[in-house]
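As a plain string of letters, each chain reads:
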Amino acid sequence: MTIVTGKAEARQRLQSGRSGVLREIWEHRADYAYVLPAIAVMLIVIAYPIYYTIELSFFKTPPGLQLRDKTFIGFDNYTTILTSEVFWRVTWNTLIWTLGSTLVAFVLGFATALALHREFVGRGVLRAILIIPWVISAVAASYIWKWIYHSDFGIIGAVLVGLGLADRPPNFIDSVNTVLPSLIVVNIWREFPFAMIMMMAGLQTVPEQLLRAAQVDGASAWQRFWHVTFPHLRNVSTVTILLLAVANFNSFIIPWIMTGGGPSNASHIWITHIYELAFGRQRWGVASAYSVLLFLTLMTLGYFYVRALSGNERQEGSA
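Heads up: these notes are all about the structure in this document.

Rules of the game
Residues numbered from 1 in each chain as written. Predicted model: local features only at pLDDT ≥ 70, side-chain atom pairs only at ≥ 80, totals over all residues. Heavy atoms only, no water. Salt bridge = Lys/Arg side-chain N within 4 Å of Asp/Glu carboxyl O. Helix = DSSP H or I, 4+ residues; strand = E, 2+ residues; numbered from the N terminus. Patch = residues over 30% accessible without salt bridge, like charges linked within 9 Å, V, L, I, M, F, W, Y side chains within 5 Å. Areas by Shrake-Rupley, 256 points an atom, 1.4 Å probe, with all protein chains shown as cover. Buried < 20%, exposed > 50% of the residue type's maximum accessible area, 1.4 Å probe, protein only. Lys, Arg positive; Asp, Glu negative; His and termini not counted. Core = buried A, V, L, I, M, F, W, Y, C linked by side-chain atoms within 4.5 Å. Contact = heavy atoms within 4.5 Å.

With that settled, consider the pattern of salt bridges. Enumeration according to the criterion identifies 3 salt bridges in this entry. For Glu55, the salt bridge identified is with Lys70, shortest N-O distance 3.9 Å. Taken together, the positions of Glu55 in helix α2 (residues 29–56) and Lys70 in the loop between β1 (59–60) and β2 (71–72) put the pair 15 residues apart, joining distant regions of the chain. The shortest N-O distance in the salt bridge between Arg281 and Glu276 comes to 3.8 Å.

Put into structure tokens, the structure is as follows:
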């Protein structure tokens, strides 16, 4: 009898919840009418391509992408991907690229923000100079670094040979062993100013009263940082790391322009490999399956990003 009553109450709450949602929608129907054009545009340019990509991932498609000629093969594209050695190599490259770029860019940006947080002559000029890598075009930066790394005409190789540190200019982006670290260096150079700006903004929120009180109590500089400054920067640090991770996971311009995924797939990451499969080899079904996996990964990172933002809002509300 108790179980039946509990089920009836649960059903009633569910129905009342649904009716409450419908009532809210009906009462605010005029508000929804204002955003209806935006919703329609999002469905056309976002929802439909996502649906079509998911659908296409279950088909084998001819090179010309004639819809009438595609063949339904179920999960064969996913099986092909997961059993491919190239997939696991590209996945490993993607993890190294994402983790290396994200962590080093964040640490470097954090350290720079701490250094620039102090008052000194020329601080404004130095801030402006350090922001340049972030605001410069990624395409232009890729071509510039490609020439800097050039094995015959690159300035780094010329300096090393001129100083007697190398017999011949090293092959930074032409070698399987050095191409990925070389690209990560370029990516860090471009992204650390973003982390610097985010952490400088976070440092402005640290209460000076707490720092002075800790100093009066005899706390060292490291203790003030670890027990006062860093706890106030935990949320902004989480958001910054997640934003960098999402951007790096979906980064395309630098690895594609500088190496095109070579040599021997040594610098391919997921996004560049998807592009090559789709527009180079015209394997649309396999590329769509790759895109679905990438979409799920980015949605997972997005979930943690939203949770981090929600945590910030709750803390601000409680404060």
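Here we take up a nonpolar patch on the surface. Taken together, the side chains of Val41, Met42, Ile44, Val45, Ile46, Ile50, Ile54, Phe295, Leu296 and Met299 make up a nonpolar region of the molecular surface, amounting to roughly 900 Å² of accessible area. Secondary-structure elements contributing two or more residues to the nonpolar patch are α2 and α14 (284–318). Here Val41 lies in helix α2. Here Val41 falls in the partly exposed class, since its relative accessible area comes to 47%.

In this section: the side chain of Glu191. Tracing the chain through its elements places Glu191 in helix α8 (residues 179–203). Buried charge without a salt bridge: Glu191, with Arg190 as the nearest opposite-charge side chain at an N-O distance of 6.2 Å.

Glancing now at the nonpolar core. Residues Trp97, Tyr149, Met199, Leu233, Met258, Tyr290 and Leu294 are the most contacted members of the largest nonpolar core, which totals 59 residues. Per-element tally for this core: the top contributor is α8, with 13 residues. For Met258, the residues in contact, after removing those within four places along its chain, are Ser142, Trp145, Lys146, Tyr149, Ile173, Leu183 and Val186.

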